[in-house]
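Each chain is listed here by its residues.
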Amino acid sequence: MTTSRLPGFYRRTIAERLDTVQKAAQLTTEEVSALRDAAGFDCDNADRMVENAIGVFPLPLGLAANFRLNGEDLLVPMAVEEPSVLAAASNAANLLREGPGIVTSSTEPIMIGQIQVLDFGDLPATRRRLEAEAERLVEMANAVNPRLVERGGGAQRLLVREFPDTAVGPMLVLHLEVNVCDAMGANIINTMVESIAPEVEAITLGRVRLRILSNLADKRLVRAQGRVPIERLARGDWTGDEVAQGIVEASVMADVDPYRAATHNKGAMNGVDAFLVAAGQDWRAVEAGCHAYAARDGRYRSLSRWGIDGDTLVGTIEIPMQVGVVGGITKTHPVVRVVHKILGFPSAARLGEIAAASGLAQNLAAIMALATDGIQKGHMSMHARNIAMEAGAATDELERVVAELRKTRTYTSTEAAGALKRIRGGA
Ligand code: NAD
């Protein structure tokens, strides 16, 4: 990939855009038709993937431009139904591309498996017995998946957590921490915790109930930090300083007020999820993890922070990231396979870092709009096509109806129906 700068990409035809991505990622003709027509994915695939399949469900797939991560340009595929996500991500990525661009990092891919223990005897004595046997239980867990250990991963330690006074009596919750390498890890973890559960019952003389991974993957974090020269934030009548100040004020509101934090984080997750869906990831797992992490100190807070460092606006997002490049549908879904090729076949860590960078860019775009003109100006003008389609505009009438709506800035179905009537009447 030489550059992700694609000026005027949004004005090109789909054929031209496909040609650009085909050249950039050296896609075969089959891979291009996987993108254009979802070729290679039909009801039979769906039937093999889920129960009770009756069809497939298409979503738009787009490319976010301008992303630069750790000094390298990158095209970021996103699958999303909401208008303006791709435009917003591309615009913000353009602001964040100075120098090395967005700088990312991640921790080791440690996921947590939980084992719930009930009806044991004396709590401190049970705890001591479990701690004495912790190493052996870790070895037993690793015996289930020796290949994972050969790859440098595997179960690393077992922790005991106490809930002495619950509605169902004293409870112990064991945490098995596992390095899952390049997998998302749910099946790896679930198999391990299920396999050691009988031994946990033997040690505790208690009763094991739940054996399942935790989606609060707070040992598997990704971080993305982006910088924008403040002078580049100037727009319309707003100076760069005013926009930067507005962004910082928005960030602080999301930190102090959970009602705002929920919406602030939803804006960031627009970028994270749209990328994760395109990359074939379990985005519900990541969503669950991110929101739980946002509430880790007892109050739901913002996942990102924006501040001013001299003449630069600096933003950081830190989120738990349970993603994989093996397992799940990563190798079996034809569009997902092409998406991974466009991304240069990333490791799980890099995939997670791209997700975080997408979230950071989307978050910047949203709060920059909110801190200046408000969100509706850009969003409704993008949404105008949907309104025109709902009013019954045919493909060749769409742009004219949209132009009428933009002129009056009244994005309603009544206005669209009126515009369509006028166009059809030759007005
Ligand atoms: P998986 O079940 O396909 O397991 C990954 C397999 O790949 C393992 O057997 C592993 O040994 C092997 N492998 C090969 N190369 C590897 C490498 N380099 N690194 C790591 N493993 C390698 O996938 P998974 O990631 O364990 O499970 C993911 C699936 O589980 C997703 O489809 C997810 O939706 C689902 N799931 C999620 C939840 C949840 O989030 N609560 C619960 C259950 C299932």
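First things first, this report covers the structure right here in the doc.

Cut-off values and rules
- The residue numbers shown here count from 1 along each chain, following its written sequence.
- Owing to the predicted nature of the model, reporting of local features is limited to residues with pLDDT of at least 70; listing and counting of side-chain atom pairs is limited to 80 or more, with chain, interface and lining totals taken over all residues.
- Processing note: side-chain calculations cover all non-hydrogen atoms of the structure and skip hydrogens and water entirely.
- Only DSSP runs of H or I covering at least 4 residues are called helices, and only runs of E covering at least 2 are called strands; the numbering of each starts at the N terminus.
- Only protein chains enter the accessibility calculation, which uses a 1.4 Å probe. A residue is then buried if its area is under 20% of the maximum for its type, exposed if over 50%, and partly exposed in between.
- In what follows, residue pairs with any heavy atoms lying within 4.5 Å of each other are defined as contacts.
- In short, Shrake-Rupley with a 1.4 Å probe defines the accessible areas, and a residue's cover is counted only from the protein chains shown.
- For each residue, the test is whether any non-hydrogen atom lies within 4 Å of the molecule or strand; if one does, the residue is near.
- Throughout this description, a polar contact denotes any pair of N or O atoms lying within 3.5 Å of each other; where both atoms belong to protein, one of them has to be capable of donating a hydrogen while the other can accept it, and for residues adjacent in sequence the pair is counted only when both atoms sit in side chains.
- The domain boundaries here were taken from an automatic or database domain assignment.
- Residue types Ala, Val, Leu, Ile, Met, Phe, Trp, Tyr and Cys, when buried and joined through side-chain atoms within 4.5 Å, form a set referred to as a nonpolar core.
- Criterion used throughout: strands pair if DSSP finds at least two bridges between them.

With respect to the overall build of the chain
- Helix and strand counts for the chain come out as 16 helices and 10 strands.
- When the backbone C-alpha atoms are referred to their principal axes, the chain occupies close to 85 × 50 × 45 Å.
- In the chain, which comprises 427 residues, the proportion classed as buried is 48%.
- Within the chain, contacts between residues at least 6 apart in sequence are counted, and of these 72% link residues at least 24 apart.
- When the accessible surface of the chain is summed, it comes to about 20,600 Å², and 53% of that surface belongs to carbon and sulfur atoms.

Quick notes on the site of the ligand
- Near the ligand there are 20 residues, and of these M184, G185, N187, N215 and D282 occur at the shortest range.
- The side chain of N145 places a nitrogen or oxygen atom 3.4 Å from an oxygen atom of the ligand.
- One of the backbone nitrogen or oxygen atoms of G185 is found 2.6 Å away from an oxygen atom of the ligand.
- Contact with the protein chains removes 69% of the 870 Å² of surface that the ligand exposes when unbound.
- Counting residues per element, the shell around the ligand draws most heavily on helix α8 (residues 186-204), which supplies four residues.
- The residue makeup of the shell around the ligand includes at least three contributed by each of domain 1 (9-107 + 220-379) and domain 2 (110-213).

Description of the nonpolar core
- Residues F67 and L313 are the most contacted members of the largest nonpolar core, which totals 77 residues.
- The element that contributes the greatest number of residues to this core is helix α13 (residues 348-371), accounting for 11 residues.
- Counting residues in each nonpolar core, the second largest holds 35 residues, with L137, L148, V178 and A197 among its members.

Section: the pairing of strand β10 (residues 312-320)
- Within β10, eight of the nine residues are buried, which leaves the element mostly enclosed by the surrounding structure.
- Bridge analysis of strand β8 (residues 221-229) against β10 gives nine bridges, and the strand direction is antiparallel. Residue pairing for β10: L221 is matched across the bridge by P320.
- By the bridge criterion, six bridges tie strand β9 (residues 304-309) to β10 in an arrangement that is antiparallel. Counted as the bridge partner of W306 is G315 from β10.
- As consecutive antiparallel partners, β9 and β10 are separated by two residues, and within that stretch G310 has a phi angle of approximately 65°, a positive value.

By themselves, these are just geometric observations and shouldn't be taken as functional.
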